[in-house]
Amino acid sequence: MLRRECETHSDTGRYIDGLLAAGKLVPDEIVNRLLEARLAEADCRDGFLIDGYPRTVEQASHLSNILEQLGFQAPTLIHMDVPDEILVGRLSARWGCPVCGTIYNTITKPPKRKFHCDHDGMKLCQRKDDTVATALCRLDAYKRVTDPVLNFYEIPGSGKVVHVDANQSPDAVFDSIRQSLEVESFSFVRPRKR
Ligand SMILES: [Zn+2]
């Protein structure tokens, strides 16, 4: 959602772009406003997955209000547990194709030909916020503002938290998430492009 806003080159988009490039978090009021508009769209009616939100207690509280207004039940928070050093290593190993958007990882999912896309042969790029320095900065911000979100969901009625060991293969992580949610199957729909 944030990247989509950047692509519109609106004032808000340019502001977000600068924050992301510096590894900083986007202010609550902007994220909340974008989220509220998105969850009211028709394709969210049967449920949705939000990645990387809520990151603050204020956002968690705001999300509860939005969900109540839109008639959704209390959310389930999936917390992916991974040691810091593994996270930093993964981020700096991430490369993407500028044409088809396929994401590769030089450690866990390397392309067949070094630094070239399997699908179209394009030279792969790194996102400007995928560096070790910005990864450490993001981890620090995460510990200060996001850890308290886990406590928020211990308040009765606010939702539930499930912890998943995400230091496993993607398939094993997927199975752990599915088991923790007690659902048989997921249908994933790629985000729409505007
Ligand atoms: Zn490609």
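Residues numbered from 1 in each chain as written. Predicted model: local features only at pLDDT ≥ 70, side-chain atom pairs only at ≥ 80, totals over all residues. Heavy atoms only, no water.

Looking at the environment of N167
Argument step 1. Within the secondary structure, N167 sits in the loop between β4 (160–165) and α8 (170–181).
Argument step 2. Once the C-alpha coordinates of N167 and A60 are considered, the two residues, 107 residues apart in sequence, prove to be 25 Å apart.
Argument step 3. If near-sequence neighbours (up to four positions away) are discounted, N167 is found in contact with D81, V82, P83, I86 and R90. (Helix = DSSP H or I, 4+ residues; strand = E, 2+ residues; numbered from the N terminus. Contact = heavy atoms within 4.5 Å.)

Topic: the packing of aromatic side chains
Argument step 1. For the structure shown, the criterion picks out 3 aromatic pairs.
Argument step 2. When the ring of F48 is compared with that of F72, the centres are 5.1 Å apart and the planes differ by 90°; the resulting orientation is edge-to-face. Taken together, the positions of F48 in the loop between α3 (28–39) and α4 (57–70) and F72 in the loop between α4 and β1 (76–81) put the pair 24 residues apart, joining distant regions of the chain.
Argument step 3. Judged by its relative accessible area of 22%, F72 falls in the partly exposed class. (Phe/Tyr/Trp six-rings, centres within 6.5 Å; stacked < 30°, edge-to-face > 60°. Buried < 20%, exposed > 50% of the residue type's maximum accessible area, 1.4 Å probe, protein only.)

Regarding unusual backbone geometry
The phi torsion of most residues other than glycine is negative, and most of the peptide bonds are trans.
Argument step 1. That bond from Y53 to P54 is cis: its omega, 0°, falls within 30 degrees of zero.
Argument step 2. Mapped onto the elements of the fold, P54 is located in the loop between α3 and α4.
Argument step 3. One non-glycine residue, H9, adopts positive backbone phi at about 55°.
Argument step 4. In this structure, H9 sits in the loop between α1 (2–7) and α2 (11–21).
Argument step 5. The exposure class assigned to H9 is exposed, which follows from its relative accessible area of 58%.
Argument step 6. Positive phi, close to 60°, is recorded for F115, a residue that is not glycine.
Argument step 7. Residue position: F115 is located in the loop between β3 (103–105) and α6 (132–145).

Notes on the coordination of the zinc ion
Argument step 1. Surrounding the zinc ion are the protein donor atoms C97 (SG), C100 (SG), C117 (SG), D120 (OD) and D120 (OD), which sit 2.3 to 2.6 Å from the metal.
Argument step 2. Spacing between the donor residues of the zinc ion along their common chain follows C-x2-C-x16-C-x2-D.
Argument step 3. Here C117 falls in the buried class, since its relative accessible area comes to 5%. (Donors = N, O, S within 2.8 Å, 3.2 Å for Na, K, Ca; no water.)

A word on the state of the cysteines
Argument step 1. The tally for this structure, following the rule as stated, stands at 0 disulfides.
Argument step 2. Free of any disulfide, C6 has its nearest neighbouring cysteine sulfur in C125, separated by 17 Å.
Argument step 3. Residue C6 is classed as buried on the basis of its relative accessible area of 11%.
Argument step 4. Summary of cysteine pairing: C137 is not part of a disulfide, and the nearest cysteine sulfur, belonging to C6, is at 17 Å. (Disulfide = S-S within 2.5 Å.)

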